[in-house]
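# Breakdown of the fold
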Amino acid sequence: MRKRFLPPGGRIAIVSPSGLLADELLSGGVEALRAAGFAVDVMPHVQGFRSSVFSAPDIMRAADLAEALSRPDVDAVWCARGGYGAMRTLEALETRGGWSKVMSQTDKVIVGFSDITALHFAAVQCGGVGLHGPMLKHIATRGVGAPDVQATLSLLRGDEFSLSRQALPGSRDGEAEGTLIGGNLSIIYSMASTRLMPPPDGAVLFIEDLSEYRYHVDRMMRSLRFSGYLSRLSGIIVGQMTGMRDGATPFGADAFRIVADSVADYSYPVFVGYPAGHDPAENFPLLIGGRCRLRVRAGMATVWQSAV
């Protein structure tokens, strides 16, 4: 598996494949990484080129991403923020030979989450990995010393990482091992009919989401279930379901229960409560495309991760 590790003092390129990050958060995150000893380059179109909800026009965001991934002096690519636009950025890479060419020729890890799920899936399809974890705006507000940022840096160094937490209601005991796939549920759902969707066979799926109606969560999970995708997994990890909403008529179940009901017919382990997603307090990393072991037993769950 191709993966360049981030050495002490290594060089990080900042990209914004989706939305625009406020200037003070951009500068604060860069300063925090530099204070921690890293060399940091902000790619040319990260700021000052606002285009609708995007940080810059599609072709400019694609140029930044392609350059950051191809530069031999860059050790890791860190996203400024999510929002919307990553799939458009991938499409715009057609001007540089296509996203599969760009992704297959790099050994660098892209760090981010939410909308960045699309880039992670593209990396996995090309034999690489993506790192679901805190983005630059979170580093600006919480610092490099935050436990989840430290855990993200540990995985970037190539270390193994494990985390144990209480398994919340909806969890199911068991053990699983396989490739870790997933990210933001809404993005996964939107990629289900594309070449980006990774095969589920034997994989451990992670999901999280933000500000969705509960019936939308049910629709997305039922679609994955009806397609047979959920039945082919070896386990599922449910992260934060932040700011979930009801419509005019209450759905009658929270997001965690909706997910649990969607996989009730399968025998694999379910861990509800991994501390990753849109909660600003903590967003622990997950190495998408890496190896993962999951154990849920007696109310506790542990996730082990490694690059190989």
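This text follows the structure it describes.
Let me begin by describing the structure that accompanies this report. Since the model is a prediction, treat every value here as computed from it, not as a measurement.

## Brief notes about the sheet that holds strand β6 (residues 161-166)
Here 7 strands make up an open sheet; going across it, the order is β6-β13-β12-β7-β8-β9-β10 and the pairing mixed. This sheet does not close on itself; its edge strands, each paired only once, are β6 and β10 (270-272). Looking at each pair of strands side by side, their axes are set apart by 25° on average, direction ignored. Summarising the sheet, β6 and strand β13 (residues 300-306) pair through 6 bridges and their orientation is antiparallel. Paired with Ser-164 across the strands is Thr-302, a residue of β13.

## Remarks on the side chain of Arg-61
By the element assignment, Arg-61 lies in helix α2 (residues 58-70). Not counting chain neighbours up to four residues away, the residues in contact with Arg-61 comprise Ser-16, Pro-17, Ser-18, Phe-54, Ser-55, Ala-56, Gly-85, Arg-88 and Thr-89.

## Focus on the packing of helix α9 (residues 214-226) against helix α10 (residues 255-262)
Packing of α9 against α10 leaves a shortest axis separation of 9 Å and a crossing angle of 20°. Here α9 is positioned roughly parallel relative to α10, judged by the angle of their axes. Here α9 and α10 pass one another in a crossing that is right-handed. Residues Arg-214, Val-217, Asp-218, Met-221, Arg-222 and Arg-225 of α9 touch α10, and the partners they reach there are Ala-255, Ile-258, Val-259, Asp-261 and Ser-262. For the contact of α9 with α10, the per-class residue count stands at 5 nonpolar, 1 polar and 5 charged.

## Brief notes about the pairing of strand β2 (residues 39-42)
Bridging between strand β1 (residues 11-15) and β2 involves 4 bridges; their strand directions are parallel. Bridge assignment links Ile-12 to a residue of β2, and that residue is Val-40. Crossover β1 to β2 through helix α1 (residues 23-35) is right-handed.

## With respect to unusual backbone geometry
Although it is not a glycine, Ser-211 sits at a positive phi angle of roughly 55°. With respect to the helices, strands and loops of the structure, Ser-211 is situated in the loop between β8 (204-210) and α9. Residue classification places Ser-211 among the partly exposed residues on the basis of a relative accessible area of 34%. Unusually for a residue other than glycine, Ala-298 sits at a positive phi of about 50°.

## A short note on the pattern of salt bridges
Taken as a whole and judged by the stated rule, the model has 18 salt bridges. Residue Arg-4 is joined to Asp-75 by a salt bridge in which the shortest nitrogen-to-oxygen separation is 3.4 Å. Remark: Asp-75 occurs in the loop between α2 and β3 (76-79) and Arg-4 occurs in the segment before β1; sequence separation between them is 71 residues. The partner of Asp-201 in a salt bridge is Arg-232, with the nearest N and O atoms 2.9 Å apart. Of this pair, Asp-201 sits in the loop between α8 (185-191) and β8 while Arg-232 sits in the loop between α9 and β9 (235-242), and the two are 31 residues apart along the sequence. Since its relative accessible area comes to 52%, Asp-201 is described here as exposed. By sharing partners, the salt bridges in this structure join Arg-4, Asp-75, Asp-107 and Lys-108 into a single network.

## Details of the packing of aromatic side chains
What characterises a pair of aromatic rings is the spacing of the ring centres plus the angle enclosed by the ring planes. Applying the stated criterion across every chain yields a total of 5 aromatic pairs. Relative to Tyr-84, the ring of Phe-54 has its centre 5.6 Å away and its plane inclined at 40°; by these criteria the two rings are tilted. Taken together, the positions of Phe-54 in the loop between β2 and α2 and Tyr-84 in the loop between β3 and α3 (86-92) put the pair 30 residues apart, joining distant regions of the chain. According to the relative accessible area criterion, Phe-54 is buried, its value standing at 7%. Aromatic rings pair up to connect Phe-206, Phe-271 and Tyr-274 into one cluster. Taking NZ or CZ as reference, Arg-245 lies 4.2 Å from the ring centre of Tyr-213, over its face.

## Section: the sheet that holds strand β5 (residues 130-132)
Pairing between sheet strands relies on hydrogen bonds along the backbone, with the strands arranged either parallel or antiparallel. In space, the 6 strands of this open sheet follow the order β2-β1-β3-β4-β5-β11, with mixed pairing throughout. Either end of the sheet is taken by a strand with one partner, and the two such strands are β2 and β11 (286-288). Across the sheet, the mean angle from the axis of one strand to that of its neighbour is 25°, orientation sign disregarded. Taken strand by strand, α1 contacts β1, β2 and β3, and its axis lies near 155° from that of β2.

About the criteria used
Residues numbered from 1 in each chain as written. Predicted model: local features only at pLDDT ≥ 70, side-chain atom pairs only at ≥ 80, totals over all residues. Heavy atoms only, no water. Pairing = 2+ DSSP bridges. Helix = DSSP H or I, 4+ residues; strand = E, 2+ residues; numbered from the N terminus. Axes fitted to C-alpha atoms, helices over the stretch in contact; angles between N-to-C directions. Contact = heavy atoms within 4.5 Å. Parallel < 35°, antiparallel > 145°, perpendicular 65-115°, else oblique. Left-handed = near helix turned anticlockwise from the far one by under 90°. Nonpolar A, V, L, I, M, F, W, Y, C, P; charged D, E, K, R; others polar. Right-handed = clockwise from strand over helix to strand, strands pointing away. Buried < 20%, exposed > 50% of the residue type's maximum accessible area, 1.4 Å probe, protein only. Salt bridge = Lys/Arg side-chain N within 4 Å of Asp/Glu carboxyl O. Phe/Tyr/Trp six-rings, centres within 6.5 Å; stacked < 30°, edge-to-face > 60°. Lys NZ or Arg CZ within 6 Å of the ring centre and 35° of its normal.

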